[in-house]
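# Structure at a glance
Now for the letters of each chain:
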Amino acid sequence: YGLVLSFNKGFKLVYSGDTRPCNDLVTAGQGATLLLHEATHADEMRDKAVADRHCTVEEAVGVARRMQASYTVLTHFSSRFEKQTPDLSVYPP
């Protein structure tokens, strides 16, 4: 599931719900100002992410890059992260 909202003066907000990476959303959201994307599972849990129809952090970052989003906010972290945010420094801009 996804949503693209375009506002006056070129501001574009893209929301990706609980879903696997979606090429249609990448296309529709090209050049987004802000992407809100779920990243439910850690990268090492890709098989579970596929089974649960969610994304890993790496997959969400990949969507943001392909979309060329100016800013990205990752949401919906699994409790498996044990109240610790993922280390995003491993994904340089």
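Residues numbered from 1 in each chain as written. Predicted model: local features only at pLDDT ≥ 70, side-chain atom pairs only at ≥ 80, totals over all residues. Heavy atoms only, no water.

Our focus in this paragraph is the pairing of strand β1 (residues 2-6). Alignment of β1 against strand β2 (residues 12-16), held across five bridges, turns out to be antiparallel. From the neighbouring strand, leucine 3 faces β2, where its bridge partner is tyrosine 15. Adjacent in sequence and paired antiparallel, β1 and β2 are bridged by five residues, among which lysine 9 carries a positive phi angle near 65°. (Pairing = 2+ DSSP bridges. Helix = DSSP H or I, 4+ residues; strand = E, 2+ residues; numbered from the N terminus.)

Following the criterion strictly, the structure yields three salt bridges and no others. Note that glutamate 59 and arginine 20 form a salt bridge whose closest N and O atoms lie 2.7 Å from each other. A residue pair is termed long-range when its members are at least 10 positions apart, and glutamate 59 in helix α3 (residues 57-67) and arginine 20 in the loop between β2 and α1 (23-28) qualify at 39 residues. Note on glutamate 59: relative accessible area 13%, which makes it buried. Residue arginine 46 is joined to glutamate 59 by a salt bridge in which the shortest nitrogen-to-oxygen separation is 3.2 Å. One end of the pair, arginine 46, is in helix α2 (residues 46-52); the other, glutamate 59, is in helix α3, with 13 residues separating them in the sequence. Salt bridges linked by common partners bring Arg20, Arg46 and Glu59 together as one network. (Salt bridge = Lys/Arg side-chain N within 4 Å of Asp/Glu carboxyl O. Buried < 20%, exposed > 50% of the residue type's maximum accessible area, 1.4 Å probe, protein only.)

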